[in-house]
Amino acid sequence: MDYYIIKYGLSGGFNSYQYEVIQTVDLEDAEKWAWENACDEYDNMSGLHGLRSEEEIMEEEDCDEEEARDIYWEEREGWINYFAKPFSRKLEDELEAYHYSNEYQEITDKLD
C-alpha cells in the first residue's frame, strides 16, 4: 500500500477543494477515491446555488427519471474537480495552507 494526496471538490466559484492523504493500492484506486469524494461534494450541494437536482431537471427539462439522471451526471462531471498524486513532502508543503488533512502524518513524516 502506498500514500497519495488527493484533491476533490467543486470548481467555479465554489472553491471548496479538500486535500487529504490516503493509503491505497495504486494511483488508479486513489483517483477513483478522489472522484467519488468530488461526486459526494456535488451530490450534497445539488438543489442549492444553481446546481440542479434530478427532480429539478425532470421539471425543467420535462423528462423521465433515467434521462434526468443522465443529465445530472453530465452536469456533475462539469462541476467536479479532483486529482490524485503520489505523496511527496514537496506537494504536502504546497498544500498545507489549504483544507488539508493527513491522518498518516507520523508515517509520512519519515518518507522522502
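## Things to note about the packing of aromatic side chains
Thinking step 1. Under the definition given, this model contains 4 aromatic pairs.
Thinking step 2. Measuring from ring centre to ring centre gives 6.4 Å for Y19 and F83, while their planes differ by 55 degrees; the resulting arrangement is tilted. Within this pair, whereas Y19 is found in strand β2 (residues 18-24), its partner F83 is found in strand β3 (residues 80-86), the two being separated by 64 residues in sequence.
Thinking step 3. Pairing Y19 with Y98 gives two aromatic rings, centres 5.8 Å apart and planes at 45 degrees, and the pair type is tilted. Taken as a pair, Y19 in strand β2 and Y98 in the loop between α4 (89-95) and β4 (100-101) lie far apart in primary sequence, 79 residues in all.
Thinking step 4. One aromatic cluster in this structure is built from Y19, F83 and Y98.
Thinking step 5. Over the aromatic face of Y17 sits the side chain of K7, whose NZ or CZ is 4.1 Å from the ring centroid.
Thinking step 6. Here the basic side chain of K85 rests over the ring of F83, its NZ or CZ set 4.6 Å away from the ring centre.

## Details of the packing of helix α2 (residues 54-61) against helix α3 (residues 65-79)
Thinking step 1. Across the interface, α2 lies against α3 with an axial gap of 9 Å and an inter-helix angle of 115 degrees. Judged by the angle between their axes, α2 and α3 are roughly perpendicular. Every pair of crossing elements has a handedness; the one defined by α2 and α3 is right-handed. Facing E54, I57, M58 and E61 of α2, the residues of α3 in contact are E65, A68, R69, I71, Y72 and E75.

## Brief notes about a negative patch on the surface
Thinking step 1. Taken together, the side chains of D64, E66, E67, D70 and E74 present a region of like negative charge at the surface.
Thinking step 2. Classification of D64 as partly exposed rests on a relative accessible area of 48%.

## Here's the deal with unusual backbone geometry
Thinking step 1. Although it is not a glycine, H49 adopts a positive phi angle of roughly 55 degrees.
Thinking step 2. Tracing the chain through its elements places H49 in the loop between α1 (27-45) and α2.
Thinking step 3. Even without glycine at this site, D62 takes up a positive phi of about 50 degrees.
Thinking step 4. When you line up the elements, D62 lands in the loop between α2 and α3.

## What about the nonpolar core?
Thinking step 1. Core analysis: the largest hydrophobic core is formed by 17 residues, its most contacted members being I6, L10, I22, A30, Y42, I57 and I80.
Thinking step 2. Broken down by secondary-structure element, the contributors of at least two residues to this core are β1 (2-10), α1, α3 and β3.
Thinking step 3. Here I80 is in contact with G9, L10, W35, A38, C39 and Y42, once residues within four sequence places are set aside.
Thinking step 4. Among the nonpolar cores identified, the runner-up in size contains 10 residues, and I5, V21, F87 and L95 belong to it.

Cut-off values and rules
- Residues numbered from 1 in each chain as written.
- Predicted model: local features only at pLDDT ≥ 70, side-chain atom pairs only at ≥ 80, totals over all residues.
- Heavy atoms only, no water.
- Phe/Tyr/Trp six-rings, centres within 6.5 Å; stacked < 30°, edge-to-face > 60°.
- Helix = DSSP H or I, 4+ residues; strand = E, 2+ residues; numbered from the N terminus.
- Lys NZ or Arg CZ within 6 Å of the ring centre and 35° of its normal.
- Axes fitted to C-alpha atoms, helices over the stretch in contact; angles between N-to-C directions.
- Parallel < 35°, antiparallel > 145°, perpendicular 65-115°, else oblique.
- Left-handed = near helix turned anticlockwise from the far one by under 90°.
- Contact = heavy atoms within 4.5 Å.
- Patch = residues over 30% accessible without salt bridge, like charges linked within 9 Å, V, L, I, M, F, W, Y side chains within 5 Å.
- Areas by Shrake-Rupley, 256 points an atom, 1.4 Å probe, with all protein chains shown as cover.
- Salt bridge = Lys/Arg side-chain N within 4 Å of Asp/Glu carboxyl O.
- Lys, Arg positive; Asp, Glu negative; His and termini not counted.
- Charge placed at Lys NZ, Arg CZ, Asp CG, Glu CD.
- Buried < 20%, exposed > 50% of the residue type's maximum accessible area, 1.4 Å probe, protein only.
- Core = buried A, V, L, I, M, F, W, Y, C linked by side-chain atoms within 4.5 Å.

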